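A structural walkthrough
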Amino acid sequence: MRFLIDERGKKYLISEEEEFQNDLGILKQEDLENSKAGDILISHIGKEFKVIQPSVNDIIELMERRCSILLPKDIGIVISYTGLGSGQRVVDAGTGAGAIALHFANVVGREGKVYSYEVREDFAIIARENVKLLGLDNVEIKNQDIKDGIQETEIDMIFLDLPKPYEMLEKVYDALKVGGWLAVYAPYIEQMQILHRIAKKVGFDEIMSIECILREMEVKTKGTRPKTRMVGHTGYLTFARKL
Ligand SMILES: C[S@@+](CC[C@H](N)C(=O)[O-])C[C@H]1O[C@@H](n2cnc3c(N)ncnc32)[C@H](O)[C@@H]1O
């Protein structure tokens, strides 16, 4: 999979099986098929399009989605705090459009595996298409309610982004390997408080929660300062470990 970037910086995922066209002209199907990352293609009206190998973030930016997705700031923290790495096995729920599932797949690589549960069939279909864009075959999107059970065992990390994640903690504990991590994304403080209480009762250790507040900087000739607008809050991240 590759994408095009036009002279205005606008990005487009391309199919190599058909021609591409927008207001800056037409690119022939055979030119797209024979192109490689780094090439510059010229449309029939002389406009330039650069061919780029997409990163997982490009795919997430361009893929179809019908629900809100996790932001890179929270995804990065989940990966770093749980020490996720190559060859590991992850359970994820709910999938949504698959943003964090794609990042997990990217990190665990071909030797690892991501099992992602999504209760809505229409969302699961979209997520499967999004996984295809990444070009990895290490993600299984399961159109199942995770409350009905986790089939996998000896899992390295289980990530929950669900309305009532605390209802799942016994099943999560059983599915994790010793040393494995639970990570939960939840927008409300009340969810976080219940999570702490139930995680302790179930037997988890190293229970802690954080919130990541991120400010982008604006660098101008006049001066450098934080941007006026920022995302004030996304969710609280809670971690717990089976020891
Ligand atoms: C906010 S979205 C998830 C976003 C996603 N984690 C990401 O990486 O962008 C929440 C998803 O959870 C799904 N969901 C809710 N309850 C579920 C359950 N019990 N089992 C599986 N999926 C569930 C919803 O259908 C929805 O698609």
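Residues numbered from 1 in each chain as written. Predicted model: local features only at pLDDT ≥ 70, side-chain atom pairs only at ≥ 80, totals over all residues.

Here helix α5 (residues 121–134) spans 20 Å end to end across 14 residues, near enough to the 20 Å set by a 1.5 Å rise per residue. On its buried side, α5 packs onto β2 (11–13), α2 (56–62), α4 (99–108), β8 (113–117) and β9 (139–142). Of the residues one or two after α5, Gly135 is the one with positive phi, at around 80°. (Helix = DSSP H or I, 4+ residues; strand = E, 2+ residues; numbered from the N terminus. Expected span 1.5 Å × (residues − 1). Contact = placed C-beta atoms within 7 Å.)

Here strand β1 (residues 3–6) pairs with strand β6 (residues 48–52) via 4 bridges, running antiparallel. Residue pairing in the sheet places Phe3 in a bridge with Ile52 of β6. Direction of pairing for strand β5 (residues 40–42) relative to β6: antiparallel, over a ladder of 3 bridges. Bridge pairing links Leu41 to Phe49 in β6. Hairpin connection, β5 to β6: the antiparallel pair is bridged by 5 residues, and Gly46 has positive phi, about 85°. (Pairing = 2+ DSSP bridges.)

For the rest of this paragraph, the subject is the sheet that holds β6. Pairing in this open sheet of 4 strands is antiparallel, and the strands run β2-β1-β6-β5 from one edge to the other. One side of each edge strand has no neighbouring strand; the edge strands of this open sheet are β2 and β5. The average undirected angle you get between the axes of adjacent strands in this sheet is 30°. Examined bridge by bridge, β1 and β2 share 3 bridges and lie antiparallel to one another. Residue Phe3 lies in a different strand from β2, and its bridge partner there is Leu13. (Axes fitted to C-alpha atoms, helices over the stretch in contact; angles between N-to-C directions.)

The next point concerns the domain arrangement of the chain. The domains assigned to the chain are domain 1 (3–52) and domain 2 (58–241). Taken over C-alpha atoms, the centre of domain 1 sits 34 Å from the centre of domain 2. (Domains from an automatic or database assignment.)

The next point concerns the site of the ligand. Taken together, 20 residues surround the ligand, and among them Ile69, Gly94, Gly96, Ala99 and Ile100 come closest. Classifying every residue of the shell around the ligand gives 12 nonpolar, 3 polar and 5 charged. (Near = placed C-beta within 6 Å. Nonpolar A, V, L, I, M, F, W, Y, C, P; charged D, E, K, R; others polar.)

Take Ile141: it is sitting in strand β9. Taking C-alpha positions, Ile141 is 9.8 Å from Ala93, a pair spaced 48 residues apart along the chain.

In this section: the pairing of β8. Counting buried positions along β8 yields 5 of 5 residues, so the element is predominantly enclosed. Both faces of β8 are covered, namely the face carrying Lys113, Tyr115 and Tyr117 and the face carrying Val114 and Ser116. Sheet topology note: the strand β7 (residues 89–93)/β8 ladder contains 5 bridges and is parallel. Along β8, the bridge assignment pairs Arg89 with Lys113. In this view, the connection linking β7 to its parallel neighbour β8 by way of α4 has right-handed handedness. Note: β8 against β9, 4 bridges, orientation parallel. Counterpart to Tyr115 in the pairing with β9 is Glu140. Remark: the β8/α5/β9 crossover connection has right-handed handedness. (Buried ≥ 20, exposed ≤ 12 C-beta atoms within 10 Å, placed from the backbone. Right-handed = clockwise from strand over helix to strand, strands pointing away.)

All right, on to the sheet that holds strand β11 (residues 176–186) then. Taken in spatial order, the 7 strands line up as β9-β8-β7-β10-β11-β15-β12 in an open sheet, and their pairing is mixed. The open sheet has two edge strands, β9 and β12 (205–211), and neither has a second partner. Taken over all neighbouring pairs, the strand axes of this sheet differ in orientation by 15° on average, direction set aside. Packing of α4 onto the sheet brings it into contact with β7, β8, β9 and β10 (155–160), and relative to β8 it is tilted by some 165°. On the sheet, helix α7 (residues 189–202) packs against β11, β12 and β15 (236–241) and is oriented at approximately 5° with respect to β15.

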